[in-house]
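Coordinate analysis (summary)
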Amino acid sequence: PATSPRRFVVARRDATEFALLPPLVRELQRHGRGLQVYSVRLERSRLARQLAEGELDFAVDLPIAVGPHVRQVELLRAGLFVAMRKKHPFAARPLTIDRWLSARHVVVSARANGSVLEDLALQERGLERQIAVRCQHYYAACEVVAASDLLLTLPRYNEDWIRTKLPLHFAPMPLRLEPLPITLYWHRSAEEDPGNLWFRDLLRRPAR
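As the structure is a prediction and not an experimental result, all values here were calculated from the model. (Residues numbered from 1 in each chain as written. Predicted model: local features only at pLDDT ≥ 70, side-chain atom pairs only at ≥ 80, totals over all residues. Heavy atoms only, no water.)

**A closer look at the sheet that holds strand β3 (residues 58-61)**
Sheet strands pair by backbone hydrogen bonding; their relative direction is either parallel or antiparallel. Ordered by their spatial adjacency, five strands build an open sheet running β2-β1-β3-β10-β4, and the pairing between neighbours is mixed. Edge positions in the open sheet fall to β2 (36-41) and β4 (70-78), since each of these has one partner strand only. Averaged over all pairs of adjacent strands, the angle between strand axes in this sheet comes to 20°, irrespective of strand direction. When strand β1 (residues 7-12) meets β3, the two strands line up parallel, connected through three bridges. Note on β3: the bridge partner recorded for Ala11 is Ala59. Packed onto the sheet, helix α1 (residues 14-31) meets β1, β2, β3, β4 and β10 (180-187) and runs at close to 160° relative to β1. (Pairing = 2+ DSSP bridges. Helix = DSSP H or I, 4+ residues; strand = E, 2+ residues; numbered from the N terminus. Axes fitted to C-alpha atoms, helices over the stretch in contact; angles between N-to-C directions. Contact = heavy atoms within 4.5 Å.)

**Thoughts on the packing of aromatic side chains**
Under the definition given, this model contains four aromatic pairs. Summarising the aromatic geometry, the rings of Phe81 and Phe170 are spaced 5.0 Å apart at their centres and angled 55° between planes, so their arrangement reads as tilted. With Phe81 in strand β5 (residues 80-85) and Phe170 in strand β9 (residues 168-172), this pair connects stretches of sequence that are 89 residues apart. Members of the aromatic cluster, each reached through a chain of ring pairs, are Phe8, Phe58, Trp198 and Phe199. (Phe/Tyr/Trp six-rings, centres within 6.5 Å; stacked < 30°, edge-to-face > 60°.)

**A few points about helix α4 (residues 117-124)**
Buried residues of α4: Glu118, Asp119, Ala121 and Leu122, and no others. Buried residues along α4 cover an arc of 160° about the axis, so they all sit on one side. For α4, the elements touching its buried residues are β5, α3 (97-102), β6 (104-108), β7 (130-135) and β8 (151-155). In the segment just after α4, Gly126 is the residue with positive phi, at about 75°. (Buried < 20%, exposed > 50% of the residue type's maximum accessible area, 1.4 Å probe, protein only. Arc of directions from axis to C-beta.)

**Description of helix α5 (residues 138-146)**
Of all the residues in α5, the buried ones are Tyr138, Ala141, Cys142 and Val145. Seen along its axis, α5 keeps its buried residues to an arc of 100°; they face one direction.

**Quick word on the layout of surface pockets**
If you add up the space inside the largest pocket, you get close to 840 Å³. What lines the largest pocket is a set of 36 residues, among which Arg13, Arg44, Leu62, Val108 and Tyr138 lie closest to the centre. Split into classes, the residues belonging to the lining of the largest pocket amount to 19 nonpolar, seven polar and 10 charged. (1 Å grid on protein atoms, 1.4 Å probe; cavity = no way out; pocket = protein on both sides within 12 Å on 5 of 7 lines; lining within 4 Å. Points joined across faces, edges and corners; volume = space filled by probe spheres on them. Nonpolar A, V, L, I, M, F, W, Y, C, P; charged D, E, K, R; others polar.)

**As for the pattern of salt bridges**
Here the structure, examined in full by the defined rule, presents 15 salt bridges. In this structure, the salt-bridge partner of Glu43 is Arg46, at a minimum N-O distance of 3.2 Å. With relative accessibility at 27%, the residue Arg46 sits in the partly exposed group. The partner of Arg46 in a salt bridge is Glu55, with the nearest N and O atoms 3.6 Å apart. The class for Glu55 is partly exposed, based on a relative accessible area of 35%. A cluster of three or more residues bridged by salt bridges with shared partners is formed by Glu43, Arg46, Arg49, Glu53 and Glu55. (Salt bridge = Lys/Arg side-chain N within 4 Å of Asp/Glu carboxyl O.)

Written as structure tokens, this is what we have:
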């Protein structure tokens, strides 16, 4: 790594880029100035083919069906928490499921339609929440929440960064959900490649 000019291309979604790319870059700078990392948008429908053809070295995402030629390992398990503005009416008392459901919400998704994880869990219980804003990025969603009475449910691995940037109050998620498993993917043809092995370990350090 001290002399290699190799480029590693990692596909991921906004939330994991937000949390894991900065510490990854810090690790890279310790090992070699010639190394490059390109963080690109994840397209699930093309993921297996892109890994097979070498367009991508790695992908980071929720568990998805990728076929027998793609290797995977769990990077981390992410719990959820709820963000709201500091002077939100709910900030001074415990956030119950009834209060959470009575509020209006921001959701983050790359898709124009379809349910996110929390809504799927609500549907299983015969419940529904009010979605006021749907946007593409967590940082934009946090800015919206800081300037309104909307609530945002987001992965806990973003909490430390957000605490230092925005005046928000954080509450435990009142709906009991299993932590999100975040998975690292690579193609089996690169299983024993020394560079892939080394970078695979590097990707896992920030997650640990």
